[in-house]
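Architecture at a glance
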Amino acid sequence: MNIYGPKPLEKDNSGNVTAKVGCVFPSIDAIITGNMPHGVLAMQIMDAHNKHLADIGKPKMSSDQISEMYDNVVDINMDNTNVYIRCTDDMDSVFKADEMISTLLGYRKLPFIKFTRVHDDKARDYIKSRGQLWRISPKPKTLEDIRNSVTQSLMSVYDDQKVFYYCYETGTRILTLEQFGKFESMNDDELRQHMIFIRDYIGKENKIGNVELELFMSNMPTEKFNVMYEHMNPREVREKYSALKELMESTTKNVFRVDDIRNTEWLNKMYSLLMAENSEEPHEVLEEEKLGLDAFKYHTQWLPGARISEGDIETDPILIEYEDNPEGLEDLCDARVPEFINNFRSEYSRIIEINIGKVGQGVSIKPTEGMKETLLAEIRVHGREEPIVKVIRMLKWDVPHYFMQGKELHEAKSLAGDYRRHTKDKYKGIKKLGAPIVNHDFKEITALVDDVEIGMGYMELDYIYAVATHKVSPTYFGRPEFDIKFFTMLGDLAAYDIVAGRRDNSMNSFFDKGNEVVFLDDEVVTDMKVINIEGLFAEYKKNMEDTAHLFSAPLKNRRKHLHDYEACIEAYCSSVERTIAQIQDNYHNKKADFDHYFFFRHFHPGGSFGYRWRKILDRLNNCKPAKVADAIRKSAIAN
């Protein structure tokens, strides 16, 4: 590989990247870097490469070779941390360029080699097909990250004079009044060079159809820069510069005259330009949005995994680096991902693409005590147009929990086995009662915890394209037909929660707080389902009539939004009564089946599942559904 100019990410004595712009030519295995526009660098490489060929005794490039070289050129940009590869229609060349840079810098640098212009479906799908959705980074969202991104976008054209803000998406340089004012301290040659550069590029289109250079928040006519500085003496150049600076100042609002990242108006405007939000470039679309996974929007960190090629798994190189030496990669890599992929490949024999991410901000990848972990898998299979989306929920009190508490491995496995059975029994129990719960598949992977290979259990669920009941916007309510349908269906689900004794750790009801979802079609309620088994069969001692008042909260919380509160109370309570009666009748009709469903489970008054199941059925047998509903009704009416 031939490198013309500084190596990508090479730093100067001050710790700043030496070159911020580059072009990669896969056809001739060459990279050129500098600070000039991409088009200029691309033109320079032909002479440089022909000289290299002459030095090694080879003929110059033919016209066909030159044409091929320019057809597959890939533009890159650098800041102090990252290399940004600009995607094009020729994604094969883009990934050849990616491989060249990765080889040059080492695969441990992969997290810092990122893609821009990924809004095009072809580019995005190509990256996803390689299992590298993790390399599509969302834009900065915290104030600190936004300020840093603006500061780091400053770049030079000549030497170390950083006077242009640079948009990696569009390739546009932005000149502010304050940066233009810094030209005054340049020597005569530097000033002339920069003025010629502005003249030659301001308002001109680059090769991807965007403006090469523009003035920041100034309506100064760009033709004013159209001056033949080459024919002026130094004094004349400086006088012309001063006149143009005064004109730019007079055409720029006060709030935009000083570069100040603490000035919200200045910062927001500059950031919107650097992120191409005001251009014709398509805006960023998160993968969660494209998949319709609104519940996971902004909360999914996609992880390195593998590319599936003709049925074979090609592990992401960064995961191989992580396995050899995890230091510095702990926040990016999860060694369990290949295990998940293997399980999915066993389930879906014709997988062509898979990407896995973790859900939840601040969630550590390494299992810790009592951790609740949720992951997301997007899978594409041959012959199916739409992706399969799965939710992975790791079991909380599994082997890693007990092992990290200091238990011997055999004891940890025994305790975890009891917990797994208890978890499966909760799911089987609520299904037996007839609740409309989404399907849970219980699976296992093998992973290393503190250098010990242990099994880790998890639940695999289909992603449900619905809205959590407590997240339904208040604007939906207030229409009689919506209100009544909503509370009729919600009452059905409440009945199952009441019978199954779902409670949180403080033994409070957490019904209508994320465990139930509603399906909406054009603002019409069509169905509701239970999506979680957490907390089920926790309360099995008290009579249902004595705790039913806890389930009036869904009514009370929405009271001010409802068209007819009393009608909603009646719809909800009637549904609770009717559904409990149906569960009770089903038990009476199939009593032996229900009684023996967990017959072989340990029966212990301390709270074994066999004992809990027996207590749940006893109180179901003895309860009065009308009294349960009446307790909710009275609580809902009371202030």
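Each remark here, short or long, concerns the structure printed above.
Let us look at the structure shown here. All values derive from a computational prediction rather than experimental measurement.

**Section: unusual backbone geometry**
- The phi angle at Asp29 is positive, at roughly 55°, despite the residue not being glycine.
- Looking at where Asp29 falls in the secondary structure, it is placed in the loop between strand S2 (21–25) and strand S3 (30–34).

**Quick look at the environment of Met248**
- Within the secondary structure, Met248 sits in helix H8 (residues 234–250).
- With relative accessibility at 0%, the residue Met248 sits in the buried group.
- The sequence separation of Met248 and Pro221 amounts to 27 residues, and the corresponding C-alpha distance is 9.1 Å.
- With residues up to four places along the chain from it excluded, the contact list for Met248 reads Leu175, Thr176, Leu177, Phe180, Leu215, Phe216, Ser218 and Met220.

**Some words on the pattern of salt bridges**
- Using the criterion set out here, one finds 36 salt bridges in the structure.
- We note a salt bridge from Asp595 to Arg614, for which the minimum N-O separation is 3.1 Å. Here Arg614 lies in helix H20 (residues 609–622) and Asp595 lies in helix H19 (residues 591–595), a separation of 19 residues in the sequence.
- We classify Arg614 as partly exposed; its relative accessible area is 22%.
- Here Asp630 makes a salt bridge to Arg633, at a shortest N to O gap of 3.5 Å. Linking Asp630 with Arg633, this pair stays in helix H21 (residues 625–637), spanning 3 residues, or about one helical turn.

**Digging into the nonpolar core**
- Among the nonpolar cores identified, the biggest contains 104 residues, and Ile101, Leu433, Phe486, Phe487 and Tyr572 are the most heavily contacted of them.
- The element best represented in this core is helix H15 (residues 480–500), accounting for 12 residues.
- For Tyr572, the contacting residues outside a window of four places in its chain are Phe487, Leu490, Gly491, Ala494, Phe511, Phe551, Pro554, Leu555 and Ile632.
- Counting 47 residues, the second-largest nonpolar core is a separate cluster that includes Ala30, Met155, Leu177 and Met195.

**Digging into the pairing of strand S21 (residues 524–530)**
- Where strand S20 (residues 516–521) meets S21, 6 bridges bridge the pair, whose relative direction is antiparallel. When the sheet's bridge partners are listed, Phe519 is paired in S21 with Asp527.
- Where S20 folds back onto S21 in an antiparallel hairpin, the turn is made up of 2 residues, including Asp522, whose phi is positive at roughly 55°.

**A short note on helix H12 (residues 337–347)**
- Looking at H12, one finds that the buried residues are Val337, Phe340, Ile341 and Phe344. What you see down the axis of H12 is that its buried residues fit within an arc of 100°, all on one side.

**A closer look at the sheet that holds strand S17 (residues 440–449)**
- Taken together, 6 strands build an open sheet; the order of strands is S11-S14-S15-S16-S18-S17 and the sheet is antiparallel. Edge positions in the sheet fall to strand S11 (300–303) and S17, since each of these pairs with one other strand and no more. Averaged over all adjacent pairs, the angle separating strand axes in this sheet is 35°, with direction ignored.
- By the bridge criterion, 5 bridges tie strand S16 (residues 388–394) to strand S18 (residues 452–462) in an arrangement that is antiparallel. Considered in S18, the bridge of Met394 is made with Tyr458.
- Packing of helix H4 (residues 121–129) onto the sheet brings it into contact with strand S14 (351–359) and strand S15 (374–381), and relative to S14 it is tilted by some 90°.

**What to know about the pairing of S20**
- Where strand S19 (residues 467–468) meets S20, 2 bridges bridge the pair, whose relative direction is antiparallel. Bridge pairing links Ala468 to Val517 in S20.

**Notes on the sheet that holds strand S1 (residues 2–4)**
- Strand order in this open sheet of 6 strands is S1-S3-S2-S4-S5-S6, and the pairing throughout is mixed. The open sheet has two free edges, formed respectively by S1 and strand S6 (113–116), since each of these has just one partner strand. When strand polarity is set aside, the average angle formed by the axes of neighbouring strands in this sheet is 25°.
- The pairing of strand S4 (residues 74–78) with strand S5 (residues 83–86) spans 3 bridges and is classified as antiparallel. Paired with Asn77 across the bridge in S5 is Tyr84.
- In the packing of helix H1 (residues 38–55) onto the sheet, the strands contacted are S1, S2, S3, S4 and S5, and the crossing angle to S2 comes to about 50°.

About the thresholds
- Residues numbered from 1 in each chain as written.
- Predicted model: local features only at pLDDT ≥ 70, side-chain atom pairs only at ≥ 80, totals over all residues.
- Heavy atoms only, no water.
- Helix = DSSP H or I, 4+ residues; strand = E, 2+ residues; numbered from the N terminus.
- Buried < 20%, exposed > 50% of the residue type's maximum accessible area, 1.4 Å probe, protein only.
- Contact = heavy atoms within 4.5 Å.
- Salt bridge = Lys/Arg side-chain N within 4 Å of Asp/Glu carboxyl O.
- Core = buried A, V, L, I, M, F, W, Y, C linked by side-chain atoms within 4.5 Å.
- Pairing = 2+ DSSP bridges.
- Arc of directions from axis to C-beta.
- Axes fitted to C-alpha atoms, helices over the stretch in contact; angles between N-to-C directions.

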